[in-house]
Amino acid sequence: MGMYLVVYGLRNAGLTHWVTAVLDQLAAQGLWVATLGTGLLVAVLSAFMNNLPAVLIGALSVDASAAQGWCVKRWCLPMWWAVTWARK
């Protein structure tokens, strides 16, 4: 319960809003920049705090992000499918 209080306290302090803004900027640069940037950002957060709050802040930020997915020609794919497809 304590970790959730820390995460929602940081959300109320504006950390999640800041991370969401960074994720939106990364998503505007393309799939690879968004993927690597998100991983790097969560890794930096994990270095400064415990892994669980960092992942929860990342999950709240991704949920609040305006990024919708990846479009190839006329087909728009959800982000999880785009990352899976790009690995093949």
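Everything below is about the structure printed above this text.
Everything in this summary refers to the structure shown in the same document.

Rules and cut-offs
- Residues numbered from 1 in each chain as written.
- Predicted model: local features only at pLDDT ≥ 70, side-chain atom pairs only at ≥ 80, totals over all residues.
- Heavy atoms only, no water.
- Helix = DSSP H or I, 4+ residues; strand = E, 2+ residues; numbered from the N terminus.
- Buried < 20%, exposed > 50% of the residue type's maximum accessible area, 1.4 Å probe, protein only.
- Contact = heavy atoms within 4.5 Å.
- Areas by Shrake-Rupley, 256 points an atom, 1.4 Å probe, with all protein chains shown as cover.
- Core = buried A, V, L, I, M, F, W, Y, C linked by side-chain atoms within 4.5 Å.
- Expected span 1.5 Å × (residues − 1).
- Arc of directions from axis to C-beta.
- Axes fitted to C-alpha atoms, helices over the stretch in contact; angles between N-to-C directions.
- Parallel < 35°, antiparallel > 145°, perpendicular 65-115°, else oblique.
- Left-handed = near helix turned anticlockwise from the far one by under 90°.
- Nonpolar A, V, L, I, M, F, W, Y, C, P; charged D, E, K, R; others polar.

## Re the overall build of the protein chain
In step 1: Within the protein chain, the regular secondary structure consists of 5 helices and 2 strands.
In step 2: The secondary structure elements of the protein chain, listed N-terminal to C-terminal, are α-α-α-α-β-β-α.
In step 3: When each of the 88 residues of the protein chain is scored for burial, the buried share is 20%.
In step 4: Relative to all contacts within the protein chain whose residues are 6 or more apart in sequence, the contacts with residues 24 or more apart total 57%.
In step 5: Surface summary for the protein chain: the accessible area is close to 6300 Å², and the carbon and sulfur share equals 67%.

## Examining the nonpolar core
In step 1: In this structure, V7, V19, L23, L26, L41, L45, A54 and I57 together form the largest nonpolar core, which totals 8 residues.
In step 2: Mapped by element, the contributors of at least two residues to this core are helix 2 (15-28), helix 3 (31-48) and helix 4 (51-64).
In step 3: Per element, the largest residue contribution to this core is 3 residues, and it comes from helix 2.
In step 4: Beyond its immediate chain neighbours, meaning those up to four positions away, V19 contacts L41, L45, I57 and S61.

## A closer look at helix 4
In step 1: Counted at 1.5 Å a residue, the expected span for helix 4 with its 14 residues is 20 Å, and the 20 Å between its end C-alpha atoms agrees.
In step 2: Listed in full, the buried residues belonging to helix 4 are P53, A54, I57, G58 and S61. Each buried residue of helix 4 lies within a common arc of 135° when the element is viewed along its axis, so the set occupies one face.
In step 3: Turning to helix 4, the residues buried within the fold contact helix 1 (2-13), helix 2 and helix 3.

## Some thoughts on helix 2
Residue pairs spaced three or four apart in an α-helix point in one direction, given the helix's 3.6 residues per turn.
In step 1: With 14 residues, helix 2 should cover 20 Å at 1.5 Å per step; its first-to-last C-alpha distance of 20 Å lies within 8% of that length.
In step 2: Of all the positions in helix 2, only T16, V19, T20, L23 and L26 are classed as buried. The arc that holds the buried residues of helix 2, viewed along the axis, is 125°, so those residues lie on one side. Relative to its buried face, helix 2 has exposed residues pointing more than 90 degrees away, namely H17, Q25 and A28.
In step 3: In this fold, the buried residues of helix 2 make contact with helix 1, helix 3 and helix 4.
In step 4: Positive phi appears at G30, one or two residues downstream of helix 2, with a value of about 125°.

## Observations regarding the packing of helix 2 against helix 4
In step 1: Two elements in contact, helix 2 and helix 4, have axes whose closest approach is 8 Å; the angle formed by their N-to-C orientations is 60°. Taken together, helix 2 and helix 4 sit at an angle that is classed as oblique. Note that helix 2 runs across helix 4; the crossing there is right-handed. Together, L15, T16, V19, T20 and L23 of helix 2 and I57, L60, S61, V62 and A64 of helix 4 make up the contact between the two elements.
In step 2: Tallied by class, residues from the contact of helix 2 with helix 4 come to 7 nonpolar, 3 polar and no charged.

Geometric descriptors of this kind do not, in isolation, establish any biological role.
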